[in-house]
Amino acid sequence: MNKLTDLIRNDMRPAFGVTEPGAIAFAVSTARSHTKGDIVSVEVALNSGMYKNAFTCGIPNSQNFGNLYAAALGAVAADCNLGLESLKNVTPEDDAVAAKLVDEGKVKVTMSEVTSVISIVATVKTESDTCTVTIKNHHTEIVKIEVNGEVVFAVETESADGEAKEEHKAVIHEYTLHDMYEYACTVPVEDLAFIRDAHTMNLDLLKEGLSSGRATLAGELYRANGEKILSDDALASAQLLCGGAIEARVLGLSRPAMSITGSGSHGIIATMPLYAYFNIKYPGKDDETLLRATALSHLVTMYIKEYSGVLSAFCGCGIASGTGMACGLAFIEGASEKQIEMVLLNMSSGIVGMVCDGGNHSCAMKAIVATDAAFRSANFAMKNICIEGIHGINGLTPEDTMHNMGIIASEGMVQTEDTILKIMENK
């Protein structure tokens, strides 16, 4: 099987609720699994991106939100064996117990440093034991477990001479836009059948939001779309499927999203507008083109996201996934490789300034804006219109353009991240 197929397949994972509360709960529940007795305290240190993304985020199966309650539920009821779906089986009784832990001041969550590199250090103390779990780089990547002062699990992070291991080039960056476009055009379509799971799962999440009565943006988008999920208006339908599913997710409703790059919102934006557009423009047609377009969307998203860092001050959902989705829209319309490059240039010129202020209700609005930008960028490109590479942060090659879009976050927005956090904490 093609390496790019494996890359997409391995990156697509169900995520229950917003990824960051799930990751916090996963870390704490892993620590709790190594302890016995009543809980004395729960302490969690998070990098800025983790701290910000879960700050006011809804939690599945809970009436509460945010870092403290995600950590408390991790200690009380989360199942670490479920990874990012660790909160899947929380009950109202569990929620009450977790809230009591918070009320008693037994849960503390702090920010460790301003960085886009994921870091979670979770410590659970009981009457008899203390366990600390350390996660680095990815939401569920445990690098160390220490129980009662003894390291029981560790991943080597330094070479024999004490030097930090050299960072390897991201696998996706070994490929070019030409490679990704050629792959999307030629990969055996049966190898992409698994992508249908993303469409189905994210559509079910939207329907959950519409039936809940809590998703106000989704409700209005649905009314504006003639009270149809798919109307004759491709943009309106795409914004409903995309913004509505993300709203359901950030509110903590009890259905998973299919994530990519560790984010359910990225997965939703990269897939659902394409699903809407294809089924409205080409009703009844075999979905081969949709699958190929979605594969390209995923790859472009991953390419940009690897430069920006998993969590940063720019909205990777809107910028990285929005750009991937825009490329997919053009692909559905038979875009040439050159026109896909034009899509990249148009998106880079228009949407890169969108900031991330955490995983919260505003994500749905950003998704609506990103979908509009993607439709416009693809439409311009199909008419061979673009903002040329000599302008602004655009690159002279498509790889340079995607690189520049990403490093705006990882290198250029550290101070922005700090400012956003100060605003949030001072409210």
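Residues numbered from 1 in each chain as written. Predicted model: local features only at pLDDT ≥ 70, side-chain atom pairs only at ≥ 80, totals over all residues. Heavy atoms only, no water.

J.: Looking at this structure, I do not really get the overall build of the protein. What am I missing?
T.: Across its full length, the protein carries 16 helices and eight strands. Whereas a compact globule of 427 residues would reach a radius of gyration of roughly 22 Å, the protein reaches 21 Å, a difference of no more than 12%. Projected onto the principal axes, the alpha-carbon positions of the protein cover approximately 70 × 55 × 45 Å. Within the span of the protein, comprising 427 residues, buried residues form 57% of the whole. (Helix = DSSP H or I, 4+ residues; strand = E, 2+ residues; numbered from the N terminus. Rg over C-alpha atoms; globule rule 2.2 N^0.38 Å. Buried < 20%, exposed > 50% of the residue type's maximum accessible area, 1.4 Å probe, protein only.)

J.: Would you explain the confidence of the model for the protein in this entry?
T.: Any segment with low pLDDT has predicted coordinates that should not be analysed in fine detail. In this model, the protein carries an average pLDDT of 93, and 96% of its residues clear a pLDDT of 70 or more. Considering only residues more than four positions removed or in separate chains, one finds that residues 159-165, a stretch of pLDDT under 50, has seven contacts. (pLDDT = per-residue confidence, 0-100. Contact = heavy atoms within 4.5 Å.)

J.: Honestly, unusual backbone geometry in this entry has me stumped. Any pointers?
T.: Backbone geometry follows two general trends: most residues other than glycine have a negative phi, and most peptide bonds adopt the trans configuration. Phi at Asn61 is positive, roughly 65 degrees, even though this residue is not glycine. Looking at where Asn61 falls in the secondary structure, it is placed in the loop between helix H3 (48-53) and helix H4 (67-76). Accessibility expressed as a relative area gives 28% for Asn61, which makes it partly exposed. Phi angles above zero are rare outside glycine, and Asn384 is one such case at about 60 degrees.

J.: How should the sheet that holds strand E4 (residues 119-126) be read in this particular structure?
T.: Adjacent strands of a sheet form backbone hydrogen bonds with each other and so pair up, either parallel or antiparallel. Spatial ordering of the open sheet is given by E3-E2-E4-E5-E6-E7, a layout of six strands whose pairing is mixed. Looking along the sheet, the strands with just one partner apiece sit at the ends: strand E3 (107-113) and strand E7 (150-154). If you compare each strand with its neighbour and ignore which way they point, the axes differ by 15 degrees on average. Judged from the seven bridges that link them, E4 and strand E5 (residues 130-136) form a sheet pairing that is antiparallel. Along E5, the bridge assignment pairs Thr123 with Thr132. (Pairing = 2+ DSSP bridges. Axes fitted to C-alpha atoms, helices over the stretch in contact; angles between N-to-C directions.)

J.: Please explain a nonpolar patch on the surface as it appears in this structure.
T.: Together, Val152, Phe153 and Val155 give the surface a local cluster of nonpolar side chains, amounting to about 230 Å² of exposed area. The exposure class of Phe153 is partly exposed, given its relative accessible area of 36%. (Patch = residues over 30% accessible without salt bridge, like charges linked within 9 Å, V, L, I, M, F, W, Y side chains within 5 Å. Areas by Shrake-Rupley, 256 points an atom, 1.4 Å probe, with all protein chains shown as cover. Salt bridge = Lys/Arg side-chain N within 4 Å of Asp/Glu carboxyl O.)

J.: For this particular structure, what's the right way to read the environment of Cys242?
T.: By the secondary structure assignment, Cys242 is in helix H9 (residues 234-250). On the basis of relative accessible area, Cys242 is assigned to the buried category, the value being 0%. Considered as a pair, Cys242 and Leu206 are 36 residues apart in the sequence and their alpha carbons are 8.2 Å apart. Beyond its immediate sequence surroundings of up to four residues, Cys242 is in contact with Ile268, Ile269, Met272, Pro273, Ala367 and Thr371.

J.: Help me out: how do you make sense of the packing of helix H10 (residues 264-281) against helix H12 (residues 316-332) in this one?
T.: Relative placement of two packed helices is described by the angle separating their axes and the distance separating the axes. Running from N to C, H10 and H12 cross one another at 25 degrees; their axes reach a closest spacing of 8 Å. As summarised for this structure, H10 and H12 are arranged roughly parallel, according to the angle between their axes. Read as a crossing pair, H10 and H12 show a hand that is right-handed. In this structure, H10 contributes Ser265, His266, Ile269, Ala270, Pro273, Leu274, Tyr277 and Phe278 to the contact, and H12 contributes Gly316, Cys317, Gly318, Ser321, Gly322, Met325, Gly328, Leu329 and Ile332. (Parallel < 35°, antiparallel > 145°, perpendicular 65-115°, else oblique. Left-handed = near helix turned anticlockwise from the far one by under 90°.)

J.: Honestly, the packing of helix H13 (residues 337-351) against helix H15 (residues 398-410) in this entry has me stumped. Any pointers?
T.: Interhelical geometry of H13 versus H15 gives an angle of 25 degrees and a closest axis separation of 10 Å. Classified by the angle their axes make, H13 and H15 are roughly parallel. Judged by the sense of rotation from one axis to the other, the crossing of H13 with H15 is left-handed. Contacts between H13 and H15 involve Glu341, Leu344, Leu345, Met347 and Ser348 from the former and Pro398, Thr401, Met402 and Met405 from the latter. Here the contact of H13 with H15 is composed, by residue class, of six nonpolar, two polar and one charged. (Nonpolar A, V, L, I, M, F, W, Y, C, P; charged D, E, K, R; others polar.)

J.: Mind showing me how you'd approach the side chain of Lys366 here?
T.: Inspection of the secondary structure assignment puts Lys366 in helix H14 (residues 362-382). Ignoring anything within four residues of it in the chain, the contact list for Lys366 reads Cys315, Met354, Val355 and Asp357.

J.: Is there a simple way to think about the environment of Asn47 in this case?
T.: Looking at the secondary structure, you find Asn47 in strand E2 (residues 39-47). We classify Asn47 as buried; its relative accessible area is 0%. Considering only alpha carbons, one finds Asn47 and Ile118, 71 residues apart in sequence, at a separation of 6.1 Å. Polar contacts involving the side chain of Asn47 include one to the main-chain amide nitrogen of Ser119, which spans 3.1 Å. (Polar contact = N/O pair within 3.5 Å; in protein donor to acceptor, adjacent residues only side chain to side chain.)

J.: Got a minute to help me understand helix H6 (residues 177-186) in this structure?
T.: When we look at burial in H6, the residues that qualify are Leu177, Met180, Tyr181, Tyr183 and Ala184. Buried residues of H6, seen end-on, are gathered within an arc of 160 degrees and therefore sit on one face of the element. Against helix H1 (3-11), helix H11 (288-308), H12, H13 and H15 lie the buried residues of H6. (Arc of directions from axis to C-beta.)

J.: For this particular structure, what's the right way to read the pattern of salt bridges?
T.: Close approach of charged atoms allows side chains with opposite charge to pair. Within this structure, the stated rule accounts for eleven salt bridges. As a salt-bridge pair, Glu417 and Lys52 come within 2.7 Å of each other at their nearest N and O atoms. With Glu417 in helix H16 (residues 414-426) and Lys52 in helix H3, the pair connects residues that are 365 residues apart, well separated along the chain. Lys52 matches Glu417 in its accessibility class, with the two residues each being buried. For the salt bridge of Arg255 with Glu208, the shortest nitrogen-to-oxygen distance reads 3.5 Å. Of this pair, Arg255 sits in the loop between H9 and strand E8 (256-259) while Glu208 sits in helix H7 (residues 196-212); the two residues are 47 residues apart in sequence, bridging distant segments of the chain. Look at Arg255 and you get partly exposed, because its relative accessible area is 36%. Within the structure, one salt-bridge network assembled from shared partners comprises Lys100, Glu104 and Lys106.

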